[in-house]
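Descriptive analysis of the structure
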Amino acid sequence: MTGTKRPYDIVVWGATGVAGGLLADYLVDQYTSSQLSVALGGRDPDRLEGVAATFTDRYDGWDELPTVVGDATQIDTLREVVEQTSVVCTTVGPYTTYGTPLVEACIDAGTDYCDLTGEVNWVRETVDRYHDAAVAADTRIVHSCGFDSVPADLGTILAQSYATETYGSPCDVVQIYLADGDGSVSGGTLASFGELFEAASTDPIAKQTLENPYSLAPPGERDGVDPGEQTSPQRDRLGPGWTAPSPMAPVNERIVRRSNALLNYPWGREFRCTEVVPTGSGVRGAAEAALIATSLSGFKTAMGIDTLRDGIREYVFPDPGEGPTRAAAMDGSFTVRILGRGTGTDGQFTVEATVGADIDPGYGATARMLGESGMALLRGDTDSPLDGGVLTPASAIGAPLADRLRAIGFLISVGDASAGASA
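I will try to describe carefully the structure that is included in this document.

The rules behind the values
Residues numbered from 1 in each chain as written. Predicted model: local features only at pLDDT ≥ 70, side-chain atom pairs only at ≥ 80, totals over all residues. Heavy atoms only, no water. Pairing = 2+ DSSP bridges. Helix = DSSP H or I, 4+ residues; strand = E, 2+ residues; numbered from the N terminus. Axes fitted to C-alpha atoms, helices over the stretch in contact; angles between N-to-C directions. Disulfide = S-S within 2.5 Å. Expected span 1.5 Å × (residues − 1). Buried < 20%, exposed > 50% of the residue type's maximum accessible area, 1.4 Å probe, protein only. Arc of directions from axis to C-beta. Polar contact = N/O pair within 3.5 Å; in protein donor to acceptor, adjacent residues only side chain to side chain. Core = buried A, V, L, I, M, F, W, Y, C linked by side-chain atoms within 4.5 Å. Phe/Tyr/Trp six-rings, centres within 6.5 Å; stacked < 30°, edge-to-face > 60°. Lys NZ or Arg CZ within 6 Å of the ring centre and 35° of its normal. Right-handed = clockwise from strand over helix to strand, strands pointing away.

With parallel pairing, the seven strands of this open sheet are ordered in space as E3-E2-E1-E4-E5-E6-E13. Every interior strand has two partners, whereas the edge strands, strand E3 (67-69) and strand E13 (389-391), have only one. Across the sheet, the mean angle from the axis of one strand to that of its neighbour is 20°, orientation sign disregarded. When strand E4 (residues 85-90) meets strand E5 (residues 112-114), the two strands line up parallel, connected through three bridges. Looking at E5, one finds that Val87 is bridged to Asp112.

The structure is reproduced here in structure tokens:
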């Protein structure tokens, strides 16, 4: 990023939407204007001014909030926005439709960037088109800084670091469990889901991206031992009970594998990663796993058929920008567990990391994860050998993001699985 002083530390791009509004609300609640210079960005100046007025009335630490106006499809207007800030945090999706010009503008301006995307087809596009340019520009383009995929990616690097420090060896296999949760899914997230399936039905590269577990690895390294996400009910390979496929596995597993590749394979090229939903033991656990697997398979089939997908998007999915009230977004919880198994000099070991919070995962927690990712980039609060590129939360920021999230109330731990997770 350029060393030239810019008027703003962070621009919240998409501040008039639900996710962007929650992100802006978090930043101006957590920090004061003497600590952080924030601008609200979007395409509608009147709505932006209304959002700014809401926050300056609500929080004593902010007498004013500047606004910046641009068009997500017009790169010239985006350049004018990003040249004024050190970091852009964007919530404007679907990113397949609206994300590319902003990425290009940030690289041109040397402005660090983070987003909430779960659209692996689009991440693959930015990797192929922009990674080398971002490296040359020392600009960090950090994807998937929300519930997709911070808990999985951060939890994995915490577990692997602990294993390496404690046992002298990383885990050969990691299993990510969506252990429990109480929250909602945003209209923007579902719109992105729809874009992903539409792209896969018409674009051979998007289809291949979903079929290849290593599709986000660097070019020339897109194969390996991992067969990809679980698609059927299975007994838990690292513990008792049954597991079902996770709807987030196609995104989170590929992000974790990209982290390993970007960091030059500290976990080895034979590293395997799976994300699942634990369903318990016995007949009941097996039945629940089967129900989840069947439902997910049916949904994916329907989303692969043009007419059914169009109907689901029109009549079932909420519109992008729709979401819960501010109070509802603060209500909820989630816990993601990461179990890793490896072999050290004294034999086999199992480690466990957990990432959770008592807040809605898709809205309130996601706003905080994105906000603190942006703050880490801004403050240089990172543990990474990488100065630029199309990156992941673990490869761009690493363990300092866990410290930042703990400081705002997230429950993050790592330790020996047999002894229970510790600090």
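Once you've had a look at it, read on.
Take the state of the cysteines next. Evaluated as defined, the whole model comprises zero disulfides. The structure places no disulfide on Cys114, whose sulfur is separated from the nearest cysteine sulfur, that of Cys89, by 3.4 Å.

This part takes up helix H2 (residues 45-58). The end-to-end C-alpha distance of H2, which contains 14 residues, comes to 20 Å, matching closely the 20 Å that a straight helix rising 1.5 Å per residue would cover. Turning to H2, its buried residues are Leu48, Val51, Ala52, Phe55 and Thr56. Taken around the axis of H2, the buried residues stretch over an arc of 130°, which confines them to a single face. Residues of H2 that are exposed and point more than 90 degrees away from the buried face comprise Asp46 and Asp57. Where H2 begins, the side chain of Asp44 points an oxygen toward the backbone nitrogen of Asp46, at a separation of 3.1 Å.

Between its first and last C-alpha atoms helix H6 (residues 120-136) spans 23 Å; for 17 residues at 1.5 Å apiece the expected length is 24 Å, and the two agree. Those residues of H6 that fall on the buried side of the exposure criterion are Val120, Asn121, Trp122, Val123, Arg124, Thr126, Val127, Tyr130, His131 and Ala134. Directly after H6, the chain includes Asp138, whose backbone phi takes a positive value near 50°.

Within the largest apolar cluster, 109 residues are counted, with the highest numbers of intra-cluster contacts made by Ile10, Val12, Leu27, Leu40 and Leu154. One finds Val173, Tyr177, Val276 and Leu339 within the second-largest nonpolar core, a separate group that totals five residues.

Within the fold, Asp138 resides in the loop between H6 and strand E6 (140-142). A sequence separation of 31 residues divides Asp138 from Ile107, and the C-alpha atoms of the two residues are 8.5 Å apart.

The next subject is the packing of aromatic side chains. Under the counting rule described, the total for this entry stands at five aromatic pairs. Their ring planes at 25° and their centres at 5.5 Å tell us that Tyr95 and Trp122 sit as a pair that is stacked. Here Trp122 lies in helix H6 and Tyr95 lies in helix H4 (residues 95-98), a separation of 27 residues in the sequence. Taken individually, Tyr95 and Trp122 each receive the classification buried, so the pair is uniform in this respect. Consider the rings of Phe334 and Phe410, whose centres lie 6.3 Å apart with planes at 70°: the pair is edge-to-face. Of this pair, Phe334 sits in strand E11 (residues 333-344) while Phe410 sits in the loop between helix H16 (399-407) and strand E14 (411-416), and the two are 76 residues apart along the sequence. With a relative accessible area of 2%, Phe334 lands in the buried category. Judged by its relative accessible area of 5%, Phe410 falls in the buried class. Three or more aromatic residues link up through ring pairs in this structure, and these residues are Phe147, Phe334 and Phe410. The ring of Tyr265 has Arg269 sitting right over it, with the charged end atom 3.9 Å from the ring centre. The ring of Tyr177 has Arg337 lying over it, and the distance from NZ or CZ to the ring centre is 5.1 Å.

For strand E2 (residues 38-42), the tally of buried residues reaches five of five residues, placing the bulk of the element in the interior. By the alternation rule, side chains of E2 split into Val38, Leu40 and Gly42 and Ala39 and Gly41, which are all buried. Alignment of strand E1 (residues 8-13) against E2, held across four bridges, turns out to be parallel. Paired with Val11 across the strands is Ala39, a residue of E2. Assessed by its sense of winding, the connection that carries the chain from E1 through helix H1 (residues 18-30) to E2 is right-handed.

In this section: unusual backbone geometry. Omega for the bond connecting Gly93 with Pro94 falls within 30 degrees of zero, at 0°, which places this linkage in the cis form. Among the structural elements, Pro94 can be located in the loop between E4 and H4. Here Asp148 and Ser149 are connected by a cis peptide whose omega angle stands at 5°. Relative to the helices and strands, Ser149 is located in the loop between E6 and helix H7 (150-167). One non-glycine residue, Tyr265, lies in the positive phi region at around 55°. Tracing the backbone shows Tyr265 in the loop between helix H10 (249-262) and strand E10 (272-280).

Purely geometric stuff here, so don't read any function into it on its own.
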